[in-house]
Every structure is written in structure tokens, then in C-alpha cells.
Amino acid sequence: MTSLTSSDVEIANRGADEFLRVFYATYDSAQRAEGVTKFYRDTSCLTYNGTAVTGPTAIRDLLERLPVTKHEVQSYDCHPIPTTSPPALLITVSGLVTHGQPSAGGGETKTAPPSRNVDNQPRVFSQTFILMKMEKYYISADNFRFVG
């Protein structure tokens, strides 16, 4: 088993910070389905609120069915896993996500009465990533769950 130094942990946390910034900016963009799938490989698994899919094509298909989003990461933690070199990364995230469909006019979002959907209502989420490295880091496993 490979041991980790404090430098390894610091580097992993800086990498996690950059990964999360880029991942959620891409996820919340108009190009979500195509952009986000570049983070995954054929063996990658995404479990979205209990629905599991494997591989970039299935992940893209799932993402295309979801409404537009805006994520606000409130906290994250990163742990390098010392069984591989370079270490795999376990990243846990919590925050708020708001779903909504942009209106034709641009600024506001269309919503049904609040009793029928959750558009524009922030929801607490938890997301866990396992990043592995081949030429560069990719998402090996991704588990997203609404908490509240």
C-alpha cells in the first residue's frame, strides 16, 4: 500500500477544487449533455437519484432528459485513495441545485404552480465522485442524490 504525504493531500484538494469548478460550470451550461460526457469513460457509472447508467452515451441520454440546472457547491471534501499511483480521488460534495426551464424571453424561468413541480426551488444535493487516472483523471463513479 502506498502512503500519502501532506503534499499529496494538498495537491489532491487543489485538483478537486479545479475539477468541481469546471464540472459544474459545464453541467450548468447549454452544452451540458455533450460537455459533461467528456469527463466519463466507457466503464464509468453514474447513479442519478437511484437510476444507474454506464458509459458516456447512456449518461448523455440521461442528462438530455433533465431540466436545466444551477448548482451552488456549499462544501466538498477530497480524499486521495493510496492504493494506486497516482492516487484515485474520492470527492464528496454537498450543495444546492435549482432546476428550471428558461423562458423564450430569456431572464425569468417558466414554472408551473409550486404544488406541481420544483422549478426554481433550490434542493439540497449530495454527490460523490471517484476519479481515476489514465492519461488524465476521469470520473469512474458518480453518485448524485437529492437530500431534501
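Note that this is a predicted model, so its numbers are computed, not measured. (Residues numbered from 1 in each chain as written. Predicted model: local features only at pLDDT ≥ 70, side-chain atom pairs only at ≥ 80, totals over all residues. Heavy atoms only, no water.)

## With respect to the overall build of the protein chain
Rules: Segments assigned H or I by DSSP are reported as helices when at least four residues long, segments assigned E as strands when at least two residues long, and all are numbered from the N terminus. Per-residue accessibility, obtained with a 1.4 Å probe over protein chains only, is compared with the maximum for each type, and a residue is labelled buried under 20%, exposed over 50%, and partly exposed between these values. Here the Shrake-Rupley method, with its probe set to 1.4 Å, supplies the accessible areas, and only the displayed protein chains count as covering residues.
Per the secondary structure count, the protein chain includes three helices and seven strands. Element order for the protein chain, N to C, with α for helix and β for strand: α-α-β-β-α-β-β-β-β-β. The buried share among the 148 residues of the protein chain stands at 34%. As displayed, the protein chain has an accessible area near 8,500 Å², and 53% of this comes from carbon and sulfur atoms.

## A short note on unusual backbone geometry
Look at Asn-49: it is not a glycine, yet its phi comes out positive at around 50°. Looking at where Asn-49 falls in the secondary structure, it is placed in the loop between strand S1 (40–48) and strand S2 (51–54). The exposure class of Asn-49 is partly exposed, given its relative accessible area of 30%.

## Comments concerning the pattern of salt bridges
We count it as follows: For salt bridges, the criterion is a side-chain nitrogen of Lys or Arg within 4 Å of an Asp or Glu carboxyl oxygen.
Following the criterion strictly, the structure yields five salt bridges and no others. For Glu-34, the salt bridge goes to Arg-60, with nearest N and O atoms at 3.8 Å. Remark: Arg-60 occurs in helix H3 (residues 56–64) and Glu-34 occurs in helix H2 (residues 32–36); sequence separation between them is 26 residues. Take Arg-60: its relative accessible area is 24%, and that puts it in the partly exposed class.

## Describing H3
Basically, it comes down to this: This arc describes the spread of directions from the helix axis toward the C-beta atoms. Working rule for contacts: check all heavy atoms of both residues, and any pair within 4.5 Å makes them a contact.
Along H3, the residues that are buried comprise Pro-56, Ile-59, Leu-62 and Leu-63. End-on, the buried residues of H3 take up no more than an arc of 125°, which puts them together on one face. For H3, the secondary structure elements touched by its buried residues are helix H1 (6–27), H2, S1 and S2.

## Things to note about H1
Heads up, the condition is: What a helix should span is 1.5 Å times the count of its residues minus one.
Helix length check: H1 (22 residues) gives 31 Å between terminal C-alpha atoms against 32 Å at 1.5 Å per residue, within 8%. Those residues of H1 that sit buried are Ala-12, Ala-16, Phe-19, Leu-20, Phe-23, Tyr-24, Thr-26 and Tyr-27. The arc that holds the buried residues of H1, viewed along the axis, is 140°, so those residues lie on one side. Opposite its buried face, H1 presents the exposed residues Ser-6, Arg-14 and Ala-25, each directed more than 90 degrees away.

## Let's talk about the pairing of S2
We apply this condition: Pairing between strands is defined by DSSP: at least two bridges between them are needed.
Where S1 and S2 come together, four bridges link them in antiparallel fashion. Bridge pairing links Tyr-48 to Thr-51 in S2. Linking S1 to S2, which pair antiparallel, is a turn of two residues; within it Asn-49 sits at a positive phi near 50°.

## Digging into the environment of Val-97
In this structure, Val-97 sits in strand S4 (residues 88–102). The exposure class assigned to Val-97 is buried, which follows from its relative accessible area of 0%. As for Val-97 and Ser-126, which are separated by 29 residues in sequence, their C-alpha atoms are 9.9 Å apart. Every residue in contact with Val-97, bar those within four places of it in the chain, is listed here: Thr-69, Lys-70, His-71, Gln-121, Pro-122, Arg-123, Phe-125, Phe-144 and Phe-146.

## Observations regarding the nonpolar core
Side chains that are nonpolar tend, in soluble globular proteins, to be buried together. Here is the rule we go by: Definition of nonpolar core: a set of buried residues of the types Ala, Val, Leu, Ile, Met, Phe, Trp, Tyr and Cys, connected through side-chain atoms within 4.5 Å.
Judged by nonpolar contacts, the single largest core of 28 residues is most densely connected at Phe-19, Phe-23, Tyr-40, Tyr-48, Ile-91, Phe-129 and Ile-139. Elements represented by at least two residues in this core include exactly H1, S1, H3, S4, strand S6 (123–133) and strand S7 (137–146). When residues of this core are assigned to their parent elements, the largest contribution, seven residues, is made by H1. Residues within four places of Ile-139 in sequence aside, it is in contact with Phe-19, Phe-23, Phe-39, Tyr-40, Arg-41, Ser-44, Phe-129, Ile-130 and Leu-131.

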